[in-house]
Amino acid sequence: MTEPFRFSNGQLAYSVQDLIGVCQQSPDEGLAYLKRGDFENWLAYIGEGELSKKAQEVRRASLSDEDKLKKFLTSLQSPKAKKSTPTQTQPTTKTVIESTPTPETVNPVLQLLQTIKSLLTGSK
C-alpha cells in the first residue's frame, strides 16, 4: 500500500484527486510543496511518472507562484490524468452482498482444515 501525501495541516492525499482538493483548500501550502519538488517525488512514488514530469515542468517554468499552482492543478485535471488516476470508491450494495464472507472464508485456518479433511476422506 502506498503512503499518502501528508500535508503539515494534517490532511492526507491518497490519490491525485485528493491532492487537487487539498491544494485547492490550502493553496499556500500546496505551492510550497510544488516549489520544493515534493509533489514530483510523491507522484513518481505512486506510479504517476507523467504527472511527476508535468509537476517538474511547472515548477521550473517562468511563471508567477499563483500561475504555477494553477497550471499544476490544471495538469492534474486533464482527461488523461483523470483516466490514469486511481480513485477510492465505495463498494455498491451489490458488491457488498456478493462479497459477504462465509465462515469458511473468514477463517483461513478453518478453510485449511476443511481442505485437509476432504483430502484425507476423499470427499469434496
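Residues numbered from 1 in each chain as written. Predicted model: local features only at pLDDT ≥ 70, side-chain atom pairs only at ≥ 80, totals over all residues. Heavy atoms only, no water.

Examining the overall build of the protein chain
Put simply, the test is: Labels follow the DSSP assignment, with helices taken as runs of H or I lasting at least four residues and strands as runs of E lasting at least two, numbered in each case from the N terminus. Each residue is assigned to one of three classes by its accessible area relative to the maximum for its type, calculated with a 1.4 Å probe on protein chains only: buried under 20%, partly exposed between the two thresholds, exposed over 50%. Between two residues, a contact is recorded if the distance between any of their heavy atoms is within 4.5 Å. Residue exposure ignores everything except the shown protein chains as possible cover, and the areas themselves are Shrake-Rupley values with a 1.4 Å probe.
Helix and strand content of the protein chain: nine helices and two strands. When the helices and strands of the protein chain are read in sequence order from the N terminus, they spell out β-β-α-α-α-α-α-α-α-α-α. Counting only residues that meet the buried cut, the protein chain has 31% of its 124 residues in that class. Put simply, 50% of the contacts in the protein chain that link residues at least 6 apart link residues at least 24 apart. Working note: accessible area of the protein chain is about 8,600 Å², and carbon and sulfur atoms make up 55% of it.

Examining the packing of aromatic side chains
Quick reminder of the rule: Classification of ring pairs uses Phe, Tyr and Trp, with its six-membered ring standing for Trp, and accepts pairs whose centres are within 6.5 Å; under 30 degrees between planes counts as stacked, over 60 as edge-to-face, and the remaining range as tilted.
A complete count under the given rule lists eight aromatic pairs for this structure. The interplanar angle of 85° and the centroid separation of 5.4 Å between the aromatic rings of F7 and Y33 together place this pair among those described as edge-to-face. In this pair, F7 sits in the loop between β1 (5-6) and β2 (12-13) while Y33 sits in helix α2 (residues 27-36), placing the two residues 26 residues apart along the sequence. Residue Y33 is classed as buried on the basis of its relative accessible area, which comes to 10%. With 6.2 Å between their ring centres and 55° between their planes, F7 and F39 make a pair best called tilted. On the criterion of sequence distance, the pair formed by F7 in the loop between β1 and β2 and F39 in helix α3 (residues 38-45) is long-range, its members being 32 residues apart. Taken together, the aromatic side chains of F5, F7, Y33, F39, W42 and F72 make up a single cluster linked through ring pairs.

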